Amino acid sequence: MHELAICQSILAQVVAIAETHGGRVKRINLSIGPLAGVEPHLLRAAFPLVAAGTACAGARLAIDTPPVRVQCNLCGVASQVRPNRLLCRVCGAWRVTVLEGEKMRIDSVDLVEMENV
Amino acid sequence: MCNVCGCATAGDVHVAGAMLNTGSGRQVEVLQAMLHDNDRQAAHNRAHFAAAGVLVVNLMSSPGAGKTSLLEATIRALHGRVRIAVIEGDLETENDARRIRSTGAQAVQITTGSACHLDAGMVHGALHRLDLQEVDILFIENVGNLVCPASFDLGQHKNVVLLSVTEGDDKPEKYPVMFRAADLLAITKTDLLDAVGDFETRRALRHFRQLANPARMLRISARNGAGMDEWVGWLLGEREACRRAMASLAGD
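Only a predicted model underlies this, so the values are computations on that prediction, with no experimental measurement involved.

### Points about the domain arrangement of chain A
All names here are of chain A. In terms of domain boundaries, chain A breaks down into domain 1 (1-66 + 101-117) and domain 2 (68-100). Relative placement of domain 1 and domain 2: their C-alpha centres are 31 Å apart. Contacts between domain 1 and domain 2 engage 6 residues on the former and 5 residues on the latter.

Written out as structure tokens, the structure reads:
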């Protein structure tokens, strides 16, 4: 359950942002690819536990989960694939470059004024 | 500032960014890794390793895949040629560090309690308990777990993932994130291949390649020594490549 450690890391960054910009955190926008090794539903379950009593208490995690996409190094075609089968959908080659699916990123934070909470 | 060694660390957490008014509130653009603090600590560890000229290899696998046995055999094989130290990660006990120390190598045990992985901060604490000037290759034996350790950069140069023949040859298909992280796939306990019967290294390699990982696969038995020459050869090659890279950086 490394999602708890990841929640703590997200929390530290977002609390710093809220302190700098003022206000409370309404929503945290994340991108998590299937190859990042992080389960969005576990993150959602763990986040309220670490956020309690902080500027992030009650904040929602909005998680974008882009699919895995690879580009074939041999035929050049880009295709959407399963996380455990990163093969070119056209020629079947395993020599591919992962275009999307590894991200584990905080994209942005939505803040509201204290009185709007 | 690093609070253990006092050395400088990279810049602070990014707190500014493009701001967008969204009616009732504001949106602050961040575009920063979720594990930003760990990544920063890992970069700091890497600077320590570069300053000391040490190659750092992170060993990951299921519990019981033979990481400690491989390390014992490696230390014996390189005795007198390469100075090895080990950072051991386990939930409890000093058992593995004790096994390594009995070979004469330096070893530091990290006990994580219930944490399922090592992070860069834990490794930083441990590296300050080692004399890195007396080390050529530092191994980090991660907590036995095919899931969580893959997500945390420790500052290592190379990841070696072990897959023992008793585990089944479809592990790369089941745990793609871990096996994608491998710079070398070590099939271990090959002396048990006949007893296991249905493990095919060819099939393990096929599952591994389906993760688009071009890394080498080695077949190793720490018990009977098969494959140890190739393994030691790979380590010495990486050690040399690391030393050349550090020398060229120092010369810049």
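There's plenty left to go through after this.
### Observations concerning the sheet that holds strand β6 (residues 104-112) of chain A
Read across the sheet, 5 strands follow the order β2(A)-β1(A)-β6(A)-β2(B)-β1(B) without closing on themselves; strand pairing throughout is mixed. Sheet topology places β2 (60-64) of chain A together with β1 (19-21) of chain B at the edges, where each strand pairs with a single neighbour. With strand direction ignored, the average angle separating the axes of adjacent strands in the sheet is 20 degrees. Pairing of β6 of chain A with strand β2 (residues 25-33) of chain B involves 7 bridges; the strand directions are antiparallel. Note that in β2 of chain B the partner of Asp110 of chain A across the bridge is Gln27 of chain B. Contacts from helix α1 (residues 3-21) of chain A reach β1 (24-32) and β6 of chain A together with β2 of chain B within the one sheet, and its direction differs from that of β6 of chain A by about 35 degrees.

### Digging into the environment of Leu192 of chain B
Relative to the elements of secondary structure, Leu192 of chain B occurs in the loop between β8 (184-188) and α7 (193-196). Between the alpha carbons of Leu192 of chain B and Val177 of chain B there is a distance of 27 Å; along the sequence they are 15 residues apart.

### Here's the deal with the packing of α1 of chain A against helix α1 (residues 36-52) of chain B
Two elements in contact, α1 of chain A and α1 of chain B, have axes separated by 8 Å at closest approach and are oriented at 100 degrees. When the interaxial angle is binned, α1 of chain A and α1 of chain B end up roughly perpendicular. Residues Ser9, Ala12 and Gln13 of chain A of α1 of chain A form the contact with α1 of chain B, whose participating residues are His36, Asp37 and Asn38 of chain B.

### Side note on the sheet that holds strand β3 (residues 55-60) of chain B
Residues and elements named next belong to chain B. Pairing within the open sheet is parallel, and its 7 strands lie in the order β5-β4-β6-β3-β7-β8-β9. In this open sheet, the two edge strands, each paired with only one partner strand, are β5 (106-111) and β9 (216-219). Neighbouring strand axes in the sheet, compared pairwise and without regard to direction, differ in orientation by 20 degrees on average. Here β8 pairs with β9 via 4 bridges, running parallel. Bridging across to β9, Leu185 finds its partner in Met217.

### Brief notes about the pairing of strand β7 (residues 158-164) of chain B
Residues and elements named next belong to chain B. Summarising burial for β7: 6 of the 7 residues are buried, a large majority. Relative to β7, β3 runs parallel, the two sharing 4 bridges. Directly across from Leu59, in β7, lies its bridge partner Val160. Alignment of β7 against β8, held across 5 bridges, turns out to be parallel. Bridging across to β8, Ser164 finds its partner in Thr188.

### A short note on the confidence of the model for chain B
For residues with low pLDDT, the predicted coordinates do not support detailed interpretation. Residue and element names in this part refer to chain B. With 92% of its residues at a pLDDT of at least 70, chain B reaches an overall mean of 92. Low pLDDT, under 50, characterises residues 8-16; the predicted model gives this stretch 15 contacts beyond four residues in sequence or across chains. Interface confidence for the predicted complex, expressed as ipTM, amounts to 0.91; the pTM equals 0.92.

### Details of the interface of chain B and chain A
On the side of chain A, 39 residues touch chain B, which itself brings 33 residues to the contact. Every element with two or more residues in the side of chain B that touches chain A is listed here: β2, α1 and α6 (176-180) of chain B. In terms of residues, the side of chain B that touches chain A owes the most to one element, β2 of chain B, which gives 9 residues. Across the side of chain B that touches chain A, the residue classes tally to 16 nonpolar, 10 polar and 7 charged.

Calculation notes
- Residues numbered from 1 in each chain as written.
- Chains lettered and ligands numbered in written order.
- Predicted model: local features only at pLDDT ≥ 70, side-chain atom pairs only at ≥ 80, totals over all residues.
- Domains from an automatic or database assignment.
- Contact = placed C-beta atoms within 7 Å.
- Pairing = 2+ DSSP bridges.
- Helix = DSSP H or I, 4+ residues; strand = E, 2+ residues; numbered from the N terminus.
- Axes fitted to C-alpha atoms, helices over the stretch in contact; angles between N-to-C directions.
- Parallel < 35°, antiparallel > 145°, perpendicular 65-115°, else oblique.
- Buried ≥ 20, exposed ≤ 12 C-beta atoms within 10 Å, placed from the backbone.
- pLDDT = per-residue confidence, 0-100.
- Nonpolar A, V, L, I, M, F, W, Y, C, P; charged D, E, K, R; others polar.

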